[in-house]
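One-letter residues, chain by chain:
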Amino acid sequence: MLEEYRRELEKSGGKDESLPNIEPKYFKHYVAKEGSFIAETDGMTVGFILTKAVPYMHGEERVVWMEQVAVLGGFRKEGVGGKLLDAVEDWARRKKMRMLYTTLNTNNEPSKRLLMSRGFEVRDWRKASKNLT
Ligand SMILES: CC(C)(COP(=O)(O)OP(=O)(O)OC[C@H]1O[C@@H](n2cnc3c(N)ncnc32)[C@H](O)[C@@H]1OP(=O)(O)O)[C@@H](O)C(=O)NCCC(=O)NCCS
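Since the structure is predicted, the reported quantities are computational estimates derived from the model, not experimental observations.

K.L.:
Tell me about the layout of surface pockets, and please be specific about residues and values.
P.N.:
Of the volumes computed, that of the largest pocket is approximately 990 Å³. Where the lining of the largest pocket is concerned, the elements lending two or more residues are α1 (2-11), β3 (60-71), α3 (80-94), β4 (99-103) and α4 (109-117). Considered class by class, the residues forming the lining of the largest pocket number 17 nonpolar, 13 polar and nine charged.

K.L.:
Outline the packing of aromatic side chains, listing residues and values.
P.N.:
For any pair of aromatic rings, the description rests on two quantities: the centre-to-centre distance and the angle between the ring planes. Using the criterion set out here, one finds four aromatic pairs in the structure. Judged by centre distance (6.1 Å) and plane angle (75 degrees), the ring pair of Y26 and Y30 falls under edge-to-face. Separated by four residues within a single helix, Y26 and Y30 lie in helix α2 (residues 24-31), roughly one turn from each other. The exposure class of Y30 is buried, given its relative accessible area of 4%. Ring geometry for W65 against Y101: centres 5.9 Å apart, planes inclined by 40 degrees, an arrangement best described as tilted. Here the residue W65 occupies a position in strand β3, and Y101 occupies one in strand β4, the gap between them amounting to 36 residues. Classification of W65 as buried rests on a relative accessible area of 15%. Among the aromatic side chains, those forming a connected cluster through ring pairs are Y26, F27, Y30 and F48.

K.L.:
Describe α3, listing the residues and the values that go with them.
P.N.:
When the terminal C-alpha atoms of α3 are compared, their 21 Å separation across 15 residues agrees well with the 21 Å that a helix rising 1.5 Å per residue should span. One or two positions beyond α3, positive phi appears at K96, with a value near 60 degrees.

K.L.:
Which residues make up the environment of E67, and what values go with them?
P.N.:
Tracing the sequence through the fold places E67 in strand β3. A C-alpha to C-alpha distance of 18 Å links E67 and L132, two positions 65 residues apart in sequence. A polar contact of 3.1 Å, which involves the side chain of E67, links it to the side chain of Y30.

K.L.:
Please give an account of the pairing of strand β1 (residues 37-41) that cites residues and values.
P.N.:
By the bridge criterion, five bridges tie β1 to strand β2 (residues 44-57) in an arrangement that is antiparallel. Bridging from a neighbouring strand, T41 pairs with M44 of β2.

K.L.:
Lay out the pattern of salt bridges in plain terms, naming residues and giving numbers.
P.N.:
Under the criterion given, the structure shown has six salt bridges. A salt bridge links K95 to E34; the nearest nitrogen and oxygen atoms lie 3.4 Å apart. With K95 in the loop between α3 and β4 and E34 in the loop between α2 and β1, this pair connects stretches of sequence that are 61 residues apart. By relative accessible area, which is 35% here, K95 ends up partly exposed. Of the residues examined, E34 reaches a relative accessible area of 46% and is grouped as partly exposed. The salt bridge involving E89 is made with R93; its shortest N-O contact spans 3.0 Å. Of this pair, E89 and R93 both sit in helix α3, four residues apart, which is roughly one turn of that helix.

Cut-off values and rules
- Positions within a chain are numbered from 1, following the residues in the order the chain's sequence is written.
- Whole-chain, interface and lining totals are the exception, using all residues; otherwise, since this is a predicted model, local features are given only for residues with pLDDT of at least 70 and side-chain atom pairs are given and counted only at 80 or more.
- To get the side-chain values, all heavy atoms of the structure are used, and hydrogens and water are removed first.
- Lining residues are those with an atom within 4 Å of a point, where the points come from a 1 Å grid over the protein atoms alone and group into cavities, where a 1.4 Å probe fits but cannot get out, or pockets, open sets with protein on both sides within 12 Å along at least five of seven lines.
- Grid points are joined across faces, edges and corners, and a volume is the space filled by probe spheres set on the points.
- Numbering of helices and strands runs from the N terminus, with a helix taken as a DSSP run of H or I at least four residues long and a strand as a DSSP run of E at least two residues long.
- Three classes are used, and their members are as follows: Ala, Val, Leu, Ile, Met, Phe, Trp, Tyr, Cys and Pro are nonpolar, Asp, Glu, Lys and Arg are charged, and the others, Gly among them, are polar.
- Classification of ring pairs rests on two measures: the distance between centres of Phe, Tyr or Trp rings, Trp counted by its six-membered ring, which must be within 6.5 Å, and the angle between planes, read as stacked under 30 degrees, edge-to-face over 60 and tilted in between.
- Exposed residues in this analysis have more than 50% of their type's maximum accessible area, buried residues have under 20%, and partly exposed residues fall in between, with area computed by a 1.4 Å probe over protein chains only.
- A helix is expected to span 1.5 Å multiplied by its residue count minus one.
- As used in this structure description, the phrase polar contact means that two N or O atoms lie within 3.5 Å; if the pair is within protein, one of them must be able to donate a hydrogen and the other to accept it, and residues adjacent in sequence are counted only when both atoms belong to side chains.
- Any two strands with at least two DSSP bridges between them are considered paired.
- When a carboxyl oxygen of Asp or Glu is within 4 Å of a side-chain nitrogen of Lys or Arg, the pair counts as a salt bridge.

Here's what the structure looks like:
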């Protein structure tokens, strides 16, 4: 999913500086913690969201850092990404977290739309957060 995103970006001349090297330790880091989810359709993984709780970040306490969300091409714009964000928000509220926080690529319209559909305040097209208090 991330390779596909990288290729799409390259086609339009864009680059996502924050896109990590796709290697097992990247995923293992998140899977070893709470707060990450996959979306399945008929037993097939069609999306994932990687997040983790951070006690203190950028002057805020009890923040959930949202690292990456991706949905497989062919399953997009069907509400999967939104459901993944909903799952994170439900978990974060149960854990009494106070904010969801992420950064986004300025040219990534689907990402911006996804966040805005879930009530995120996208402040300068780079930072998006949602207060849970
Ligand atoms: C961003 C991404 C995860 C969205 O997943 P998705 O399953 O298509 O999202 P949803 O179907 O739940 O859509 C959520 C909202 O965004 C809107 N949206 C999603 N893709 C859109 C697009 N290409 N153009 C316009 N609006 C779009 C939907 O209409 C919906 O809004 P609504 O609830 O107001 O109708 C998916 O496009 C993706 O995997 N992209 C590649 C990876 C990536 O860019 N990840 C984000 C970087 S961290």
